[in-house]
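Fold and contact review
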Amino acid sequence: MKRLLALLATCATGLSLAALSTPQAAAATGCKVDYTITSQWQGGFQAGVKVTNLGDSVTGWKLTFDWPDAGQKVVQGWGATLSQSGSTVTASAADWNRTLATGAAADVGFVGSSTGANPKPTAFKLNGVACTGSVEGPTPTNPPTTPPPTDPPTNPPATGTPVGINGQLRVCGVNLCNQYNRPIQLRGMSTHGLQWFSKCYNTASLDALAKDWKSDLLRTAMYVQEDGYETDPAGFTSKVNNLVDMAEARGMYAMIDFHTLTPGDPTHNLARAKTFFASVAARNADKKNVIYEITNEPNGVSWATIKSYAEQVIPVIRAADPDAVVIVGTRGWSSLGVSESSNESEIVNNPVNATNIMYAFHFYAASHTDSYRTVVNRAATQLPLFVTEFGTVSYTGGGAVDRASTTAWLDLLDRHKIGYANWTYSDADEGSAAFKPGTCNGTDYSSSSVLTESGALLKSRISTPDSFPTS
Ligand code: IDC
């Protein structure tokens, strides 16, 4: 025993001496930074920082930098968790890039707002150590008004389901990005109210949606009022969870829509939203196919009220499911404020204080035309947008299909890679429904004879091949 203790003592001494004589592990001892403004516009810009670790491997790194201009602010970031205090920005490693080996680089990007020019940041530090490498990157001399489309270099079309190819999604700048950090557009359909049309969502209809329509997503419209969630929270929660599973089994994304409509103030349903989202987020946390839409169409309330609602509901979701994308409805029936005489600037100037979120925009093609498209075309360069609901008809959900306006809208959304879900994948007796009345009493969801004019138009748009990048 004595000999063993002596041996241990020697080892311990040897270890502590070795520790004293070798450099500290886990400290960043050098770094290099490349800062690039990728696009800029009146009042904002998008930029990227590539930080290369020139020191020892670090885990759980933090990059900090200072804005020279007090008007500059990070609005939304990706590749790290970004926060700003005064003029200092801190980017903390995300889960997937926590370890930065010697010589390895991490890419952090963000959309910023600014009041004037966009001077480059200064005082870059990695874990407190100044990055003395280059901070220069090319800045466009003529700022484009719209960011250039980021089409991938021609990859062969990816095979597999939308979720199989794209995996866990995250928001990157103004886009939705896949597991390869490349922008993608999801195209799909919304259910009608689950309290009325549950019979339309079954094995045959979801097979048709995935296989014939080649839909990327199913939005599950769970009304809160009008005989919806408030009448049977457990029952509606389980209806939604079943649809999440059915979408997952077919490789489609599921957008969980908390379909508030009347009253328009989302805070009326705040307690219900917290209960509902705590439950569905915990139950579906391990799935890659879930997107949360926390309020369908706020109306008659200020943006400040919607923002406050979002900032109370999002933490409930994050606590259970930290990495899922969350979509926030906007003022004036999710019109970015336009239908209540405002516009996107109220959001750009006062964004929801959360990362990995997008903002909803809704339109009905026969009612909302050029003036709305102008706003979306402009807002698309500043805010991550998702058209979580739109119709080919008037805002009543009925009337004739406006093919010209629908086509103009869908072309615009394609150009910006803005995802969309069409109202509705149902056989409701109204122009917006994709199926003729009575279809859901049968088993045929695939023949062209069961489609309405709206259904035929949407199927022809949604079923074209996706070009999801895989590297
Ligand atoms: C409509 C349905 C209609 C239903 C009504 C009830 O199409 O059958 O009677 O809701 O409230 C929206 C809403 C969506 C509406 C749709 C068409 O999000 O719930 O559905 N619409 O009016 N916003 C703009 C249009």
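The structure we're discussing is the one just above.
Residues numbered from 1 in each chain as written. Predicted model: local features only at pLDDT ≥ 70, side-chain atom pairs only at ≥ 80, totals over all residues. Heavy atoms only, no water.

**Concerning the sheet that holds strand β14 (residues 183–184)**
The antiparallel open sheet is built from three strands, whose spatial order is β12-β13-β14. The outermost strands of the open sheet, each flanked by one partner alone, are β12 (170–172) and β14. Two elements, strand β13 (residues 175–177) and β14, share two bridges in a ladder whose sense is antiparallel. Among the inter-strand pairings, Leu176 is bridged to a residue of β14, identified as Ile184. (Pairing = 2+ DSSP bridges. Helix = DSSP H or I, 4+ residues; strand = E, 2+ residues; numbered from the N terminus.)

**Description of the nonpolar core**
Core analysis: the largest hydrophobic core is formed by 87 residues, its most contacted members being Trp213, Phe277, Tyr292, Ile294 and Val328. The element best represented in this core is helix α7 (residues 303–320), accounting for seven residues. Contacts of Phe277, omitting those with residues within four sequence positions, involve Ile256, Phe258, Ala282, Tyr292, Glu293, Ile294, Val313, Val316 and Ile317. If you look at the next biggest cluster of nonpolar residues, it comprises 27 residues, including Val33, Ala47, Trp67 and Ala93. (Core = buried A, V, L, I, M, F, W, Y, C linked by side-chain atoms within 4.5 Å. Buried < 20%, exposed > 50% of the residue type's maximum accessible area, 1.4 Å probe, protein only. Contact = heavy atoms within 4.5 Å.)

**So, the pattern of salt bridges**
If you walk through the whole model with that rule in mind, you get 19 salt bridges. One salt bridge in this structure joins Asp207 and Arg250, with 2.8 Å as the shortest N-O distance. With Asp207 in helix α4 (residues 203–212) and Arg250 in the loop between α5 (233–249) and β17 (253–259), this residue pair connects regions lying 43 residues apart in the sequence. Judged by its relative accessible area of 25%, Asp207 falls in the partly exposed class. (Salt bridge = Lys/Arg side-chain N within 4 Å of Asp/Glu carboxyl O.)

**Re the packing of helix α11 (residues 403–416) against helix α12 (residues 453–462)**
Contact pair α11 / α12: the axes reach a minimum separation of 12 Å and the direction vectors enclose 25 degrees. Relative to α12, the element α11 is oriented roughly parallel. Handedness of the crossing formed by α11 with α12: right-handed. Of the residues in α12, those touching α11 at Arg403, Thr406, Thr407, Leu410, Asp411 and Asp414 are Glu453, Leu457 and Arg461. The class makeup of the residues in the contact of α11 with α12 is two nonpolar, two polar and five charged. (Axes fitted to C-alpha atoms, helices over the stretch in contact; angles between N-to-C directions. Parallel < 35°, antiparallel > 145°, perpendicular 65-115°, else oblique. Left-handed = near helix turned anticlockwise from the far one by under 90°. Nonpolar A, V, L, I, M, F, W, Y, C, P; charged D, E, K, R; others polar.)

**Structural notes on the site of the ligand**
Surrounding the ligand, one finds 15 residues, the nearest of these being Tyr223, His259, Glu297, Tyr395 and Glu430. Within the side chain of Glu226, an N or O atom sits 3.0 Å from an oxygen atom of the ligand. Within the side chain of Glu430, an N or O atom sits 2.7 Å from an oxygen atom of the ligand. Protein burial of the ligand: of its 500 Å² of free accessible surface, 78% is covered by the chains. Residues that form the shell around the ligand fall into these classes: six nonpolar, five polar and four charged. (Near = heavy atom within 4 Å. Polar contact = N/O pair within 3.5 Å; in protein donor to acceptor, adjacent residues only side chain to side chain. Areas by Shrake-Rupley, 256 points an atom, 1.4 Å probe, with all protein chains shown as cover.)

**Comments concerning the side chain of Asn178**
Relative to the helices and strands, Asn178 is located in the loop between β13 and β14. The class for Asn178 is buried, based on a relative accessible area of 0%. One polar contact links the side chain of Asn178 to the main-chain amide nitrogen of Tyr180, over a distance of 2.9 Å. A polar atom in the side chain of Asn178 sits 2.9 Å from the backbone oxygen of Pro469. Discounting chain neighbours no more than four positions away, the residues touching Asn178 are Asn166, Gln168, Leu169, Arg170, Ile184 and Pro469.

**A short note on the packing of aromatic side chains**
Going through the model one piece at a time under the given rule, you end up with 22 aromatic pairs. Judged by centre distance (6.1 Å) and plane angle (70 degrees), the rings of Tyr229 and Phe258 are edge-to-face. Of this pair, Tyr229 sits in the loop between β16 (217–223) and α5 while Phe258 sits in strand β17, placing them 29 residues apart in sequence. Centroid distance Phe258 to Phe276: 5.6 Å. Interplanar angle 25 degrees. Geometry classified as stacked. Of this pair, Phe258 sits in strand β17 while Phe276 sits in helix α6 (residues 270–284), and the two are 18 residues apart along the sequence. The exposure class of Phe258 is buried, given its relative accessible area of 0%. Residue classification places Phe276 among the buried positions, given a relative accessible area of 1%. An aromatic cluster is built from Tyr35, Phe65, Trp67, Phe110 and Phe124, whose rings are joined through pairwise contacts. (Phe/Tyr/Trp six-rings, centres within 6.5 Å; stacked < 30°, edge-to-face > 60°.)

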